[in-house]
Amino acid sequence: MNEPVGPELPGDVTGLELDPDVRSQLGTLTKATADRVARHLVMAGQLVDEDPDAALEHALAARSEGSRLGVVREAVAYTAYAAGKYEQALAEFRAARRMTGSPEYFPAMADSERGLGRPERALDLIATVDRSELDPVARVELLIVEAGARRDLGQPAAALALLDVPALHGRASVTAVTRVRYAYADTLEELGRREEAARWFARVLEVDVDAQTDAEERLARLGEE
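Rules behind the numbers
Residues numbered from 1 in each chain as written. Predicted model: local features only at pLDDT ≥ 70, side-chain atom pairs only at ≥ 80, totals over all residues. Heavy atoms only, no water. Helix = DSSP H or I, 4+ residues; strand = E, 2+ residues; numbered from the N terminus. Buried < 20%, exposed > 50% of the residue type's maximum accessible area, 1.4 Å probe, protein only. Axes fitted to C-alpha atoms, helices over the stretch in contact; angles between N-to-C directions. Parallel < 35°, antiparallel > 145°, perpendicular 65-115°, else oblique. Left-handed = near helix turned anticlockwise from the far one by under 90°. Contact = heavy atoms within 4.5 Å. Nonpolar A, V, L, I, M, F, W, Y, C, P; charged D, E, K, R; others polar. Domains from an automatic or database assignment. Buried area = accessible area lost by both parts, 1.4 Å probe. Polar contact = N/O pair within 3.5 Å; in protein donor to acceptor, adjacent residues only side chain to side chain.

The name recorded for the protein in an unreviewed UniProt entry is Tetratricopeptide (TPR) repeat protein, from Actinopolymorpha cephalotaxi.

The structure is reproduced here in structure tokens:
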């Protein structure tokens, strides 16, 4: 049998790098197929931040042999989302949700609607979500998307009000606090409240120890203008 078509797999990627819980979900596949799918999933995860298009190619290669697995459809969804292919991402998120029942996809699904220029649909989707089913970080992500949709609709003041939540004041994980403070500062700048925006970008820097955001550059620019 010919080797399935897909991006080249580096020899030093074995598939064992995959999280054991994820790897266990490949158990319905033959060992050879599971190994290939696992290797493509590893590559998708390694590349998604630096080269999302290449990551998507690996995820699609995994789907070619594991399309009935929720974890594989999830990988395609997130890599398509990272690559800005929002229609494809939505289709794959819906497939993954049907297979897994997980609510964790809702923030990215709603943001994909925004990416397609459909903020109203994003808000309609968000309105259906039982937020109690989401973990704290996902709840904050959904809130940030909701605020973004309000901004898309020309309602930055409403967006700012949405973002004034406990996480803004440090009562959440570092990731959630960083994300919500950044969104809050960004919205303040859009509203023309530059001094407040600068203060909140500075507060982002208090928690963004790994420089995941461009808050330092945003703060510097506000100081120069």
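## Some details on the environment of Glu196
One can find Glu196 in helix H11 (residues 194-207). Here Glu196 falls in the partly exposed class, since its relative accessible area comes to 27%.

## A closer look at the packing of helix H6 (residues 106-115) against helix H7 (residues 119-127)
Remark: H6 packs on H7, axes separated minimally by 7 Å, with the N-to-C direction vectors making an angle of 160°. In this view, H6 runs roughly antiparallel relative to H7, as classed from their interaxial angle. Crossing geometry of H6 relative to H7 is assigned as right-handed. Residues Phe106, Met109, Ala110, Glu113 and Arg114 of H6 form the contact with H7, whose participating residues are Pro119, Arg121, Ala122, Leu125 and Ile126. When the residues that make up the contact of H6 with H7 are grouped by side-chain class, the tally is seven nonpolar, no polar and three charged.

## Notes on the domain arrangement of the protein
Once the domains are mapped, the protein shows domain 1 (1-101) and domain 2 (103-224). Relative placement of domain 1 and domain 2: their C-alpha centres are 29 Å apart. If you look at the interface, domain 1 gives 13 residues, while domain 2 gives 12 residues. Together, the buried faces of domain 1 and domain 2 total about 1,200 Å²; carbon and sulfur atoms form 62% of this surface. Contact with domain 2 buries area across many residues of domain 1, yet Tyr86, Leu90 and Arg97 alone supply 41% of it, more than any other trio.

## Focus: the environment of Leu160
Tracing the chain through its elements places Leu160 in helix H9 (residues 156-163). Residue Leu160 is classed as buried on the basis of its relative accessible area, which comes to 9%. With 16 residues separating them along the chain, Leu160 and Ile144 place their C-alpha atoms 9.9 Å apart. In contact with Leu160, other than residues within four places in its own chain, are Tyr184, Thr187, Leu188, Leu191 and Arg193.

## Some remarks on the side chain of Arg73
Secondary-structure assignment places Arg73 in helix H4 (residues 70-82). Judged by relative accessible area, which is 16%, Arg73 ranks as buried. Within the structure, Arg73 has its side chain in polar contact with the side chain of Glu92 (distance 2.6 Å). Those residues in contact with Arg73 that lie beyond four places of it in its chain are Arg63, Ser67, Glu92, Ala95, Ala96 and Met99.

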